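Chains, contacts and geometry: an overview
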Amino acid sequence: VVIDAVRCAKLAKDRGIGEIAIDPRNPRHIWIGTTVARHSLSGVSGGRLTPPGAPTIGLYESTDGGQSFQLRFNLPQDPVNPNSATGSDFFKGGVTDIEYDPADPTTFYFTMFDYGVFRATGNGATIQNVYEGAGPDTLGFGIRYEVAAARLGNGRTRLYIHDGRNEVDANGDG
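Here is what the cut-offs are and how they apply
Residues numbered from 1 in each chain as written. Predicted model: local features only at pLDDT ≥ 70, side-chain atom pairs only at ≥ 80, totals over all residues. Heavy atoms only, no water. Pairing = 2+ DSSP bridges. Helix = DSSP H or I, 4+ residues; strand = E, 2+ residues; numbered from the N terminus. Axes fitted to C-alpha atoms, helices over the stretch in contact; angles between N-to-C directions. Core = buried A, V, L, I, M, F, W, Y, C linked by side-chain atoms within 4.5 Å. Buried < 20%, exposed > 50% of the residue type's maximum accessible area, 1.4 Å probe, protein only. Contact = heavy atoms within 4.5 Å. Salt bridge = Lys/Arg side-chain N within 4 Å of Asp/Glu carboxyl O. Polar contact = N/O pair within 3.5 Å; in protein donor to acceptor, adjacent residues only side chain to side chain.

**A closer look at the sheet that holds strand S7 (residues 116-121)**
Spatially, four strands are ordered S5-S6-S7-S8 in an open sheet, and the strand pairing comes out antiparallel. With one partner strand each, in any of the chains shown, strand S5 (95-101) and strand S8 (126-131) form the two edges of the open sheet. When strand polarity is set aside, the average angle formed by the axes of neighbouring strands in this sheet is 25°. Strand direction decides the pairing type here: S5 and strand S6 (residues 104-112), joined by six bridges, are antiparallel. The residue bridging Ile98 from the neighbouring strand is Phe110, located in S6.

Written as structure tokens, this is what we have:
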């Protein structure tokens, strides 16, 4: 599958592509998750601040092999503040992982920074949050989630979820 780089560049201008997933039944059906592009979160750092007018981060879908993309799911993200010296627009809402269910090719899972893990059934028709961590990390940078789906012997799916917090080592033991 060849994805049109020009069209991807439009939806990810001043953003990063966190993950790309191709429907195992139809290679023309593509999902792309975008995220904030800085501090090595993507292959090319977008700098300290997100420029004004950057596309909304979230989950985008193409049903025509990458010729066009539509935003299908997003949640509130940190606002872009071009006048902020500290960069108040951190990573909230960025998609960092997309995994098709190995037992059901019409279901996939995706993760969003600070929001958790989501299940999309009916090839994206219904989306629900299936895991959210126990609150913000101690540094206030947000939580990056990752997911891996494994098919079990009984035909069911097990999810392995990584809840990546930035915790402070308060007692200095390592």
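**A word on the nonpolar core**
Leu59, Ile98, Phe108, Phe110 and Met112 are the most contacted members of the largest nonpolar core, which has 13 residues in total. Listed by contribution, the elements that provide at least two residues to this core are S5, S6 and S7. Once residues within four sequence positions are removed from consideration, Leu59 is found in contact with Trp31, Ile32, Gln70, Leu71, Arg72, Phe73, Val95, Ile98, Phe108 and Phe110.

**Side note on the pattern of salt bridges**
If you walk through the whole model with that rule in mind, you get three salt bridges. Here Glu61 ties to Arg72 by a salt bridge, and the two come within 2.7 Å at their closest N and O atoms. You can see Glu61 sitting in strand S3 (residues 59-62) and its partner Arg72 sitting in strand S4 (residues 70-73), a full eleven residues away along the chain. A salt bridge links Arg144 to Glu146; its shortest N-O distance comes to 2.9 Å.

**Describing the side chain of Arg15**
Structurally, the position occupied by Arg15 is in the loop between helix H1 (5-11) and strand S1 (16-22). Of note is the side chain of Arg15, whose polar atom sits 2.7 Å from the backbone oxygen of Pro55.

Take it as geometry only, folks, not as evidence of what the structure does.
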